Amino acid sequence: MENVLSSTGDSKLDQAINQWLQFDKNPQTVALVQGLVKEGAVGELRRCFGSRMEFGTAGLRAAMGPGISCMNDLTIIQTTQGFCKYLEHCFGEGLKERGVVVGFDARAHPPSGGSSKRFASLAAAVFTSRGVPVHLFCDITPTPFVPFTVSHLGLCAGVMVTASHNPKQDNGYKVYWENGAQIVPPHDKGISVTIEANLEPWPESWDVTSLSHNPLLKDPYQDIHTEYYQDIQQHCHHRDINKSSEVKIVHTSVHGVGHAFVQSAFKAFDLRPPYAVEEQKDPDPEFPTVKYPNPEEGKGVLTLSFALAEREGATVVLANDPDADRLAVAEKQKGGQWRVFSGNELGALLGWWVYQCWKRTDPDRSTVKSVYMLASTVSSKILRAIALKEGFHFEETLTGFKWMGNRARELLDQKKIVLFAFEEAIGYMCGSAVLDKDGVSAAAIAGEMTSYLAAKNITLSQQLTAIYEEYGYHLTKNSYFICHDQEVIRAMFDRLRHYGNQDREDVSYPRQCGGVAITAVRDLTTGYDSSQADNKAVLPSSTSSQMITFNLSPPRSSPPPPVVRWSPLISPPRSSPPPPVVRWSPLISPPRSSPPPPVVRWSPLISPPQVLPSSTSSQMVTFNLSPQVLHQ
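Residues numbered from 1 in each chain as written. Predicted model: local features only at pLDDT ≥ 70, side-chain atom pairs only at ≥ 80, totals over all residues. Heavy atoms only, no water.

**Student:** Looking at this structure, I do not really get the overall build of the protein. What am I missing?
**Tutor:** The secondary structure content of the protein amounts to 18 helices and 25 strands. Residues counted as buried form 52% of the 632 residues belonging to the protein. Of the contacts formed within the protein by residues at least 6 apart in sequence, a portion of 66% connects residues at least 24 apart. Summed over its atoms, the accessible surface of the protein is roughly 30,400 Å², and 52% of this surface lies on carbon and sulfur atoms. (Helix = DSSP H or I, 4+ residues; strand = E, 2+ residues; numbered from the N terminus. Buried < 20%, exposed > 50% of the residue type's maximum accessible area, 1.4 Å probe, protein only. Contact = heavy atoms within 4.5 Å. Areas by Shrake-Rupley, 256 points an atom, 1.4 Å probe, with all protein chains shown as cover.)

**Student:** Any chance you could explain the sheet that holds strand β5 (residues 134-136) here in plain terms?
**Tutor:** Strand pairing in a sheet relies on backbone hydrogen bonds. The paired strands run either parallel or antiparallel. The six strands are arranged β1-β7-β6-β2-β5-β8 in an open sheet whose pairing can be described as mixed. A single partner strand is all that each edge strand has here, and the edge strands are β1 (60-63) and β8 (217-218). Here strand β2 (residues 100-104) runs beside strand β6 (residues 157-161); their pairing, made up of five bridges, is parallel. Pairing of V101 across the sheet is with G158, part of β6. Strands β1, β2, β6 and β7 (170-176) of the sheet are contacted by helix α4 (residues 73-91), whose axis makes an angle of about 5 degrees with β7. Where helix α6 (residues 116-129) meets the sheet, its contacts fall on β2, β5, β6, β7 and β8, and the angle it forms with β2 comes to roughly 165 degrees. (Pairing = 2+ DSSP bridges. Axes fitted to C-alpha atoms, helices over the stretch in contact; angles between N-to-C directions.)

**Student:** I tried to follow the environment of F127 on my own but got confused; where do I start?
**Tutor:** You can see F127 is positioned in helix α6. Between the C-alpha atoms of F127 and C84, which are 43 residues apart in sequence, the distance is 6.5 Å. Apart from residues lying up to four places away in sequence, F127 is in contact with T80, F83, C84, L87, V100, V132, V134 and V159.

**Student:** Could you clarify how one ought to interpret the pattern of salt bridges in this entry?
**Tutor:** It is possible for side chains bearing opposite charge to pair when their charged atoms get close. This model, assessed by the stated rule, comprises 29 salt bridges. Salt-bridge contacts for K381 lead to E396; the nearest nitrogen and oxygen are separated by 3.5 Å. Pair noted here: K381 is in the loop between β14 (371-376) and α14 (382-390) and E396 is in strand β15 (residues 393-397), with a separation of 15 residues, a long-range link. The shortest N-O distance in the salt bridge between E410 and R407 comes to 2.9 Å. Of the two residues, E410 and R407 both sit in helix α15 (residues 401-413), three residues apart, roughly one turn of that helix. Here R407 falls in the partly exposed class, since its relative accessible area comes to 21%. Within the structure, one salt-bridge network assembled from shared partners comprises K174, D321, D325, R326, D436 and K437. (Salt bridge = Lys/Arg side-chain N within 4 Å of Asp/Glu carboxyl O.)

**Student:** Is there a simple way to think about the pairing of β14 in this case?
**Tutor:** Look at any regular strand and the pattern is simple: side chains alternate between the two faces of the sheet. Within β14, six of the six residues are buried, leaving the element largely enclosed by the surrounding structure. Sheet topology places β14 next to strand β16 (residues 417-423); five bridges connect them, and they run parallel. Residue pairing across strands places L374 opposite A421, the latter belonging to β16. As judged from the five bridges shared by β14 and β15, these two strands associate in the parallel manner. The residue bridging S376 from the neighbouring strand is T397, located in β15. Crossover β14 to β15 through α14 is right-handed. (Right-handed = clockwise from strand over helix to strand, strands pointing away.)

**Student:** Sorry, what's going on with unusual backbone geometry here?
**Tutor:** Across residues other than glycine, the phi torsion is negative in most instances, and most of the peptide bonds are trans. P185 connects to P186 through a cis peptide bond whose omega is 10 degrees. Looking at where P186 falls in the secondary structure, it is placed in the loop between β7 and α8 (187-196). For F287, which is not glycine, the phi torsion reads 45 degrees and is therefore positive. Its place among the elements puts F287 in the loop between β10 (275-276) and α12 (303-312).

**Student:** Any chance you could explain the confidence of the model for the protein here in plain terms?
**Tutor:** Note that predicted coordinates carrying low pLDDT should not be read in detail. In the predicted model, the protein carries a mean pLDDT of 87, and 86% of its residues have values of at least 70. Low pLDDT (under 50) marks residues 557-613, which in the prediction has 87 contacts with non-local residues, meaning those over four places away or in another chain. Here residues 626-632 is modelled with pLDDT under 50, and outside its nearest four sequence neighbours on either side it reaches four contacts, counting other chains as well. (pLDDT = per-residue confidence, 0-100.)

**Student:** What exactly am I supposed to notice about the nonpolar core here?
**Tutor:** If you look at the biggest cluster of nonpolar residues, it comprises 144 residues, and the most contacted ones within it are F49, F83 and F420. The element best represented in this core is helix α13 (residues 343-361), accounting for 10 residues. Each residue touching F83, except ones within four places of it in the same chain, is listed here: F127, A157, V159, Y173, V175, W177, I191, T194 and I195. By size, the runner-up hydrophobic cluster in this structure holds 12 residues, among which are F401, M404, L412 and M429. (Core = buried A, V, L, I, M, F, W, Y, C linked by side-chain atoms within 4.5 Å.)

**Student:** Hey, could you run me through the packing of aromatic side chains in this one?
**Tutor:** Centre-to-centre distance and the angle between the planes together describe a pair of aromatic rings. The tally for this structure, following the rule as stated, stands at 21 aromatic pairs. Between F148 and Y228, the aromatic rings sit 5.5 Å apart at their centres with planes inclined by 85 degrees, giving edge-to-face as the arrangement. Separated by 80 residues along the polypeptide, F148 in helix α7 (residues 145-153) and Y228 in helix α9 (residues 221-231) bring together distant segments of the chain. What makes F148 buried here is its relative accessible area of 4%. When its relative accessible area of 1% is taken as the criterion, Y228 is described as buried. Geometrically, the ring pair formed by Y509 and Y528 is stacked, given 5.4 Å between the ring centres and 10 degrees between the ring planes. One end of the pair, Y509, is in the loop between α18 (486-497) and β18 (512-513); the other, Y528, is in strand β20 (residues 528-529), and 19 residues separate them in sequence. Here Y509 falls in the buried class, since its relative accessible area comes to 12%. (Phe/Tyr/Trp six-rings, centres within 6.5 Å; stacked < 30°, edge-to-face > 60°.)

**Student:** In this structure, what is going on with α15? I would like to understand it.
**Tutor:** Side chains that are three or four residues apart share a direction in an α-helix, a result of its 3.6 residues per turn. Relative to the 18 Å expected for 13 residues at 1.5 Å per residue, α15 spans 18 Å between its end C-alpha atoms, a close match to the ideal helical length. Inspection of α15 places F401, K402, M404, G405, N406, A408, L411 and L412 among the buried residues, and these make up the whole buried set. Buried residues in α15 make contact with β14, β15, β16 and β17 (427-430). (Expected span 1.5 Å × (residues − 1).)

As structure tokens, this is what we get:
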């Protein structure tokens, strides 16, 4: 063979390289590998060829470049061949009747000749070579449009080529099943096995030139665009307010695909078009203005958005990640600083809003028993608190929208109503047209919520406080350490499982954390849950990932944290700002049998204090202040 090279000194590595060069028809990746061999760059060759990318429930995600460890033309072909074979096994001739959809974002890697668009074309070529109809989007599209298309057209599967908010060198291959949700076990294992059995490219797999006149290829772009924006209008409940609203909103797509689609979503809601951050509105695979194209990074990614908002007098900023399936929101505070809402905070706002809108449009209160909201186990339980008070159902799932999407489909098949689902990593599913996170519809819904509240002179921050006052405070503090060594990670978690007896095999979890008693332990790696009667976790467990949850009981002697909100005890003069009310409130609502938390009230000095009875069984202190203090 022309491309077979001399030895690197590692026979296994040599075999992988030579097989690669026999299969690869991309001259750029071939040249890269040949160059590495010539230079004797064994370390880099091992990085590229050491192990094949593992196909999991999230599909594939890795850096673009040569080799079986990277995203490139050949690995896309091999993956799609395996996926196609698996679909043939599952659906038989139905696959050729129903077909699949393929979408892509704007990522590209010039050194290897790889790009999302080319990868999508190669995937389409593989499917059509087997007689499978392919709905290939002609242009970049948000990730949520792919699951929407699967459900809307009744297809067997969907593929989205994207790495979402990963660094610029990465790309990914995301897979949806016929139910419109991401795949879950055992599909991931089945696909992985068929990939390994179909590594040699089929004769027509490289032929993307014939796609333009292939009768099996269809472009769903215009039809899906129309249907999607028509569908999301079911979530538009205040069109008159939207039309007249003077609220100014800034939007950034962070060099991704979201700009045009969010503009269209605002138009569908009759909302004032958001100001677009000019430097970031057009797709650019280099992501030149940010270190990481991830709105979760907060203010560092939103610097240009804040600057535009200051110039235009806007008070709210919306940000999508590059494939527009996530949404971040920030709001300018009275002091002039910007508040970036956490994923849990925005989940509370959107969950509350979606429920309120549903309640207004469905006067039959008996149907509330069929309403469900979902959140992942790592997310705030604010939805559970709202559900308990309002009478609908809340369920938690394992981490990832693949679990929430599949659970939502099960509930929909049981004729239930799935209103909302979210995960703390700024992912939101409003409604059930898209069984995955959707940053486009969430942006329009957040825009309407903002306009509605502004018409009542209420900010997003004030409404969040009102939600907490109504349903209980749910506060989170997230942090993380990055570790890529699986052995180190496993050792850390094993230490927690044998905390009291490191030298023995018996499981013994910690009993305290920072002096606070641990009341329950759930280990979803082993399937243990001490809060269940049989000590077995309700949620599915997996030995391939590590997750332990500790429930703590706060010391009774410690007062719950203070919360400040504006609420006058009496009507002050209109020229005066309303006095603050400081309330002590636990993070979650205490049991009804518990004594009520102490209340500290502030009120202006209007009249002499009344003579009231006292009691040593409860705590109450009232401070009378002069109105001038309120202006400090």
